[in-house]
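# Structural description and commentary
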Amino acid sequence: MDFPYLIGWAALSVTLGAIIFGAGRRLGREEEALRIRRQDDGKEAAFYFRGLNFLLADEPDKAIEEFIKFVRINSETVEIHLSLGKLYRARGEVGRAIRIHQNLIARPNLSVEHRTAALYALAEDYRQGGFVDRAVDAYRQVLNVDPEHRAALAGLQGMHENEGRWDMALDVLKRLEKVTRAPDPRREAHIRVRMGMEIQSRQGSGVVSDEAMDHYQTAIKVFPGCVEAHRLLGEAQLTQGRTRGAIKSFEALKTSRPSHFFMLAEALRRAYERDGDPGGFEKCMNEAVHAFSSSARLVVYRARMLEEQGRLVEATELLRAGMAKHPGSLGIICPLIPLLAKQNLWQEAVATAQRQLDRMLAVQHAFQCARCGFKAQDIYWKCPQCLQWDSMEPL
Ligand SMILES: [Zn+2]
């Protein structure tokens with residue numbers, strides 16, 4: 001059984017237990033009532049405990065049958081219906097969950113609290129069932145009653161994202177952030193990027209409005225490490241012929257997110273080239289690859305460039321330094337070995353390859369249990385996972 005499933009069962013069991021307890025207490029009021037109720041109560045308890053036993057025996061279908069019998073006797077109890085509906089949804093039986101929740105909502109004397117809970121549950125059913133419009137509508141109804149319902153806000157926000165309705169997604173995100181007081185800058189930045197992209201795609205290529213660029217700029221302000229915002233802003237500035245601005249936009253990522261800066265290196269090269277300043281690019285890259293925070297991917301990008309320019313010695317130096325900084329990085333070793341070979345540095349090439357193979361061998365599993373698949377570097381005569389004796393074979 002998976003986790004949401006278990007939670008569903010746990011919630012149901014607790015609710016049913018509370019109801020039996022409550023029913024038991026009510027019994028004490030009158031002798032005659034006690035006698036009559038005791039029969040019913042005995043029946044309820046029997047269904048409940050049979051259900052619980054089936055549940056413990058991992059037989060959810062039979063358990064659900066018993067719980068339904070319980071629900072028939074206790075048809076007024078809203079919590080049981082809510083729990084049962086949740087359980088059906090967790091099992092993927094969305095249709096049944098929807099029916100339960102719709103019936104609840106149709107009750108004339110339902111409290112506001114229960115109606116809201118049932119509406120939210122119905123929204124979740126619709127979402128899981130793929131009924132987008134109905135889910136959105138149900139979330140909105142929940143929020144009409146309780147504008148600070150966090151789960152409904154989060155659900156609605158997610159629906160708008162899935163639909164690609166970015167302005168609405170942003171609007172609901174702002175409401176959610178206000179309620180939770182937990183800002184989500186990465187989400188906001190990417191929503192703003194999408195809003196800008198949408199404006200740009202409406203306008204067609206070759207034109208970039210200030211409105212689109214405003215979105216990219218806000219995205220960067222909200223989350224300075226947003227690669228897409230830097231890239232799109234820089235590209236837009238290039239389209240407008242503002243090469244210095246583009247250079248600044250691409251380069252900003254070097255400090256705000258050095259791990260991802262390599263993703264904009266090629267765009268930056270183009271911008272410098274168009275600006276007629278290839279030396280500027282050279283200088284920027286030298287700083288970036290030798291910075292403390294430089295990534296292996298950036299080192300490889302720069303080394304490839306140097307190699308293309310025939311600067312083999314510099315490229316080799318850079319990769320050697322990169323290897324010392326990022327030991328075991330295949331991205332660096334793969335271009336380094338042929339580069340060494342190209343310069344007839346065979347001994348170093350072989351030694352580098354050997355070192356890497358040793359490193360890989362050291363972390364590779366050498367034995368595997370033929371019974372359960374457990375893997376280990378050393379042999380276990382008794383498998384620690386399935387406890388079988390002498391079941392491990394060399395790989
Ligand atoms: Zn085993």
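First things first, this report covers the structure right here in the doc. (Residues numbered from 1 in each chain as written. Predicted model: local features only at pLDDT ≥ 70, side-chain atom pairs only at ≥ 80, totals over all residues.)

## A closer look at the overall build of the protein chain
- Assigned secondary structure in the protein chain consists of 19 helices and 3 strands.
- Burial statistics for the protein chain: of 395 residues in total, 33% are counted as buried.
- Relative to all contacts within the protein chain whose residues are 6 or more apart in sequence, the contacts with residues 24 or more apart total 43%. (Helix = DSSP H or I, 4+ residues; strand = E, 2+ residues; numbered from the N terminus. Buried ≥ 20, exposed ≤ 12 C-beta atoms within 10 Å, placed from the backbone. Contact = placed C-beta atoms within 7 Å.)

## Some words on helix α13 (residues 243-256)
- Here α13 is 14 residues long and its end C-alpha atoms lie 20 Å apart, about the 20 Å a rise of 1.5 Å per residue gives.
- What α13 keeps buried is the set Ala246, Ile247, Ser249, Phe250, Glu251, Leu253 and Lys254.
- Of the surrounding elements, those touching the buried residues of α13 are α12 (227-239), α14 (265-274) and α15 (278-290). (Expected span 1.5 Å × (residues − 1).)

## Some thoughts on α12
- Between its first and last C-alpha atoms α12 spans 18 Å; for 13 residues at 1.5 Å apiece the expected length is 18 Å, and the two agree.
- If you follow the buried residues of α12, they end up packed against α10 (185-203), α11 (210-222), α13 and α14.
- Looking at the residues trailing α12, positive phi occurs at Gly241, about 80°.

## Details of the sheet that holds strand β1 (residues 367-369)
- Spatially, 3 strands are ordered β2-β1-β3 in an open sheet, and the strand pairing comes out antiparallel. Each having just a single partner strand, β2 (375-376) and β3 (392-394) make up the two edges of the open sheet.
- Bridging between β1 and β2 involves 2 bridges; their strand directions are antiparallel. Directly across from Gln368, in β2, lies its bridge partner Lys375. (Pairing = 2+ DSSP bridges.)

## Considering the packing of α13 against α14
- At a closest axis distance of 9 Å, the pairing of α13 and α14 adopts a crossing angle of 155°. As summarised for this structure, α13 and α14 are arranged roughly antiparallel, according to the angle between their axes. Seen from above, α13 lies across α14 with left-handed handedness. Across the interface between the two elements, Thr243, Ala246, Ile247, Phe250 and Glu251 from α13 touch Ala267, Leu268, Ala271, Tyr272 and Arg274 from α14.
- Broken down by class, the residue content of the contact of α13 with α14 amounts to 7 nonpolar, 1 polar and 2 charged. (Axes fitted to C-alpha atoms, helices over the stretch in contact; angles between N-to-C directions. Parallel < 35°, antiparallel > 145°, perpendicular 65-115°, else oblique. Left-handed = near helix turned anticlockwise from the far one by under 90°. Nonpolar A, V, L, I, M, F, W, Y, C, P; charged D, E, K, R; others polar.)

## Some remarks on the nonpolar core
- One finds Leu122, Ala123, Ala138, Tyr139, Val142, Ala152 and Leu156 to be the most contacted residues of the largest nonpolar core, which totals 40 residues.
- Of all the elements in the fold, those that place two or more residues in this core are α3 (60-73), α4 (78-90), α5 (94-106), α6 (112-129), α7 (132-145), α8 (150-163), α9 (166-180) and α10.
- No other element matches α6, which puts 7 residues into this core.
- The contact partners of Val142, leaving out residues within four places of it in the chain, are Thr116, Leu119, Tyr120, Ala123, His149 and Ala152.
- Of all hydrophobic cores here, the second largest spans 31 residues; its members include Ile247, Ala271, Leu298 and Leu336. (Core = buried A, V, L, I, M, F, W, Y, C linked by C-beta atoms within 7 Å.)

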